[in-house]
Amino acid sequence: ANDAGLVCLSDAGVLALPAADARPGAVLLYDAARCEVLAEVAAHDSPLAALALSQEGGAAPLLATASDKGTIVRVFRAPDGKRTASFRRGRQPARILALAFASSGASAAPGRPALLAAASASGAVHIFRLDAGAAAAEAAQSVRRVGGGAA
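All values derive from a computational prediction rather than experimental measurement. (Residues numbered from 1 in each chain as written. Predicted model: local features only at pLDDT ≥ 70, side-chain atom pairs only at ≥ 80, totals over all residues. Heavy atoms only, no water.)

So, the overall build of the protein chain
Applied cut-off: A run of H or I in DSSP becomes a helix once it reaches four residues, and a run of E becomes a strand once it reaches two; helices and strands are each numbered from the N terminus. Only protein chains enter the accessibility calculation, which uses a 1.4 Å probe; a residue whose area is less than 20% of its type maximum is buried, one above 50% is exposed, and one in between is partly exposed. Note on definitions: a residue-residue contact is assigned when non-hydrogen atoms from the two residues lie within 4.5 Å.
Helix and strand content of the protein chain: 1 helix and 12 strands. Along the protein chain, helices and strands appear, N-terminal first, in the series β-β-β-β-β-β-β-β-β-β-β-α-β. Within the protein chain, the proportion of its 151 residues that are buried is 40%. Taking contacts inside the protein chain between residues at least 6 apart in sequence as the whole, the part at least 24 apart equals 35%.

Set out below in structure tokens:
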């Protein structure tokens with residue numbers, strides 16, 4: 001069941017929603033126009049808490065996911081479901097309330113990196129850089145905590 005009502009639809013027509021109960025932490029990617037499954041992404045081992053799809057105006061979108069543990073945020077390429085990044089939000093569990101992408105496409109300021117924000121119930125907002133080719137260690141170091149609350 002999708003009790004949290006998680007669903008995302010990209011400008012490119014990719015629909016993302018949690019898979020059935022038998023596969024907690026999995027996301028199904030659909031071609032919304034054809035109602036066809038594009039890929040199943042084994043994003044996490046525990047149920048999903050948040051999903052987001054980037055809006056890149058027709059380019060292949062990115063999928064961001066967080067589980068109910070809230071310690072890891074993962075990014076996958078849609079529509080094939082290949083993992084492109086994994087970020088540690090913190091060591092202590094925290095409920096992720098929202099994930100949001102900032103575009104790096106034509107509508108973004110020149111030279112501005114693609115960003116992903118994660119807001120948690122602790123009151124913290126984490127911002128991750130999504131630079132192409134950034135190593136996981138570099139990406140983890142690029143995290144900034146904004147606002148109050150414990151990480």
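Thoughts on the packing of aromatic side chains
Threshold: Within 6.5 Å between ring centres, the rings of Phe, Tyr and Trp (the latter by its six-membered ring) count as paired, and their orientation is classed by plane angle as stacked under 30 degrees, edge-to-face over 60, tilted in between.
Here the structure, examined in full by the defined rule, presents 1 aromatic pair. Between the aromatic rings of Phe87 and Phe128, the centroid separation amounts to 4.6 Å while the plane-to-plane angle is 25 degrees, which identifies the pairing as stacked. Remark: Phe128 occurs in strand S11 (residues 125–129) and Phe87 occurs in strand S8 (residues 82–88); sequence separation between them is 41 residues. Each of the two residues, Phe87 as well as Phe128, counts as buried.

Side note on the pairing of strand S4 (residues 36–42)
Where we set the bar: For two strands to pair, DSSP has to find at least two bridges joining them.
Of the pairings in the sheet, the one linking strand S3 (residues 26–31) to S4 comprises 6 bridges and is antiparallel in character. Opposite Val27, over in S4, you have Val41 as the bridge partner. In sequence, S3 turns back onto S4 through a hairpin of 4 residues, with Cys35 there showing a positive phi of about 55 degrees.

Remarks on the nonpolar core
Buried together is how nonpolar side chains tend to be arranged in soluble globular proteins. Heads up, the rule is: What is meant by a nonpolar core is a set of buried Ala, Val, Leu, Ile, Met, Phe, Trp, Tyr and Cys residues, joined one to another through side-chain atoms within 4.5 Å.
Val73, Leu99, Leu116 and Leu130 are the most contacted members of the largest nonpolar core, which has 16 residues in total. Listed by contribution, the elements that provide at least two residues to this core are strand S5 (48–53), strand S6 (62–67), strand S7 (72–77), S8, strand S9 (96–102) and strand S10 (115–120). Top contributing element to this core by residue count: S9, with 3 residues. Sequence-distant contacts of Val73, that is, excluding residues within four places in its chain, are made with Thr65, Ala66, Ala85, Ser86, Phe87, Leu99, Leu116, Ala118 and Phe128. Grouped together as the second largest cluster of nonpolar side chains are 15 residues, Ala16, Leu48, Leu51 and Leu63 included.

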